[in-house]
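Coordinate inspection notes
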Number of protein chains: 2
Amino acid sequence: MPSPALPAPAVSRRELNKAATRDAIAEAALNFLRTRELNEFTVDDVAIAAGVSRRTFFNYFSSVEAAVASFTQRYLDSVIAELEARPSDEPILESAQFALSAVGSPRDLAILAETFTLTQDPALGRFQLQAWDDCSIKITEVARHRLPPGTDELYINALVGAVVGSCRAAVGVWFSQRGADTSEDSLAQLRELLGTTISLIRSGFAY
Amino acid sequence: MPSPALPAPAVSRRELNKAATRDAIAEAALNFLRTRELNEFTVDDVAIAAGVSRRTFFNYFSSVEAAVASFTQRYLDSVIAELEARPSDEPILESAQFALSAVGSPRDLAILAETFTLTQDPALGRFQLQAWDDCSIKITEVARHRLPPGTDELYINALVGAVVGSCRAAVGVWFSQRGADTSEDSLAQLRELLGTTISLIRSGFAY
DNA sequence: CTTTTAGTTTGCACGGCGTGCAAACTTGCA
DNA sequence: TGCAAGTTTGCACGCCGTGCAAACTAAAAG
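The rules behind each value
- Within each chain, residues carry numbers counting from 1 in the order of the written sequence.
- The naming scheme follows written order: chains are lettered A onward, ligands numbered 1 onward.
- Totals for whole chains, interfaces and linings use all residues, but because this is a predicted model, local features are given only for residues with pLDDT of at least 70 and pairs of side-chain atoms are given and counted only at 80 or more.
- The side-chain numbers reported here are obtained from all heavy atoms of the structure, hydrogens and water having been left aside.
- Only DSSP runs of H or I reaching four residues or more are called helices, and only runs of E reaching two or more are called strands; each is numbered from the N terminus.
- A helix is expected to span 1.5 Å for every residue after the first.
- Using a 1.4 Å probe on the protein chains alone, a residue whose accessible area is under 20% of its type maximum counts as buried, one over 50% counts as exposed, and one in between counts as partly exposed.
- The contact criterion used throughout is that any non-hydrogen atoms of two residues lie within 4.5 Å.
- One heavy atom within 4 Å of a molecule or strand is enough for the residue carrying it to be called near that molecule or strand.
- Polar contact is the term for a pair of N or O atoms within 3.5 Å; when the atoms are in protein, one must be able to donate a hydrogen and the other to accept it, and sequence-neighboring residues count only if both atoms are side-chain atoms.
- The residue classification treats Ala, Val, Leu, Ile, Met, Phe, Trp, Tyr, Cys and Pro as nonpolar and Asp, Glu, Lys and Arg as charged. All others, Gly included, are polar.

Next up on the list: helix H1 (residues 13–35) of chain B. All names here are of chain B. In a regular helix each residue adds 1.5 Å, so 23 residues correspond to 33 Å; H1 covers 34 Å between its end C-alpha atoms and thus fits that length. The complete set of buried residues in H1 reads Thr21, Ile25, Ala26, Ala28, Ala29, Leu30, Phe32 and Leu33. Buried residues along H1 sit against helix H2 (43–50), helix H3 (54–60), helix H4 (64–85), helix H6 (106–118) and helix H7 (122–146).

In the neighbourhood of DNA strand D, 20 residues make up the surrounding shell, with Arg14 and Thr56 of chain A together with Arg13, Arg54 and Arg55 of chain B lying closest. For DNA strand D, a phosphate oxygen lies 2.6 Å from a polar atom in the side chain of threonine 56 of chain A. Within the backbone of arginine 13 of chain B, one N or O atom sits 3.0 Å away from a phosphate oxygen of DNA strand D. Elements with a minimum of two residues in the surface near DNA strand D: helix H1 (13–35) and helix H3 (54–60) of chain A together with H1, H2 and H3 of chain B. The dominant element in the surface near DNA strand D, judged by the number of residues it contributes, is H3 of chain A, at 4 residues. Partitioning the surface near DNA strand D into residue classes produces 4 nonpolar, 8 polar and 8 charged.

Another point: the protein's contact with DNA strand C. Around DNA strand C, the structure places 21 residues, and the nearest of them are Arg13, Arg14, Arg54 and Arg55 of chain A together with Thr56 of chain B. Those atoms of DNA strand C that come within 4 Å of the protein belong to sugar or phosphate at a rate of 56%. Note that a base oxygen of DNA strand C is positioned 2.9 Å from one of the side-chain N or O atoms of arginine 14 of chain A. Serine 62 of chain A places a main-chain nitrogen or oxygen 3.2 Å from a phosphate oxygen of DNA strand C. Every element with two or more residues in the surface near DNA strand C is listed here: H1, helix H2 (43–50) and H3 of chain A together with H1 and H3 of chain B.

Below is the structure:
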């Protein structure tokens, strides 16, 4: 007698396949960027390297830029997930501080750092900016439910804008100081920079 | 005797022509966006409407998106100009407050507001984000020379990131409340929102 | 005024992009 | 086993963005 009907697995074969394909494509795109400029390879190149057809590439990403941005998106989404996991009565900037220091396996951070180098090209940079902006929108939603009801919309939006804007700047500072160094030492410094940044947001920029 | 040799005019005929062409192209692009979606017209359409060849369009802008972003760029550049015009011993956030309230003829602000509506399409939004990011970079340069020498790089970058990020958010709030309303009344409200935002950055987000 | 020089516009051509569509194929389910 | 639903693929088409060389135009030199 077969095992009792398993409920449809949380992740079906189809979903696994799709995730694998998606990863393969993104990885292939990143790989090309590591050795060439953006305009020195084509979507076909990436598709072939990922083992799919050109058409399938476009089923997953609308461009190489978008594929590369998926790494940053993933990192930022994990920050948001950490943020949402914090107790909802905790002061939100405190939650942010925890979320920022909790996040990031060395591997994820290595990608984040590498992405900073590889996206100097404006066409790639635009997609990175969009990832940060999408992140802002999601966090605003979280903040709206966290802050006391009736909190001024300006307060909410300015807070999120300031936090995301300054954290992005902090990552930039980290990268300009450490480059692609993702040793524990360097990661600790990143966490410290992000922590200091949140403190500044909380206590204000005196001058 | 002819009039004494005039020094070569500050703006030559050539420069005037180029500026006019550039404006005509940007204006034509915006005009199409007012009535159609981004993918419902082509670069050729815009070029013809602007009275130039397709090839000339690309001599000025690399895409329709870039042409549309030129309006936001112009606005942000004027804010930076105001900022640089402030006395350099003034606290920088105070300078920011002045610059933000000084700037913006109704016409400029009308365009800024309209731009917000017309750039919902992600492809357009990306270029807007880039305009704000370019602005950050320029302001960072200003801030570096304004703040006491030796000020922490993190402080400078986080400050600018927070200011620009929150001000962008403030413009978003303004737009969501007033739409394309650019009456004196509405503009006063925008100035107030921006002023409040800078105050928040200065004094901190308590929670 | 004429000639020269430098800067700008244009047409052309080419490779690459992004998408609709329909046919082939794969997975899930009865 | 066979059907339904989801996924991949090839193809074709219009549009994009750029290098190039020829036409044109403003500015400077003679």
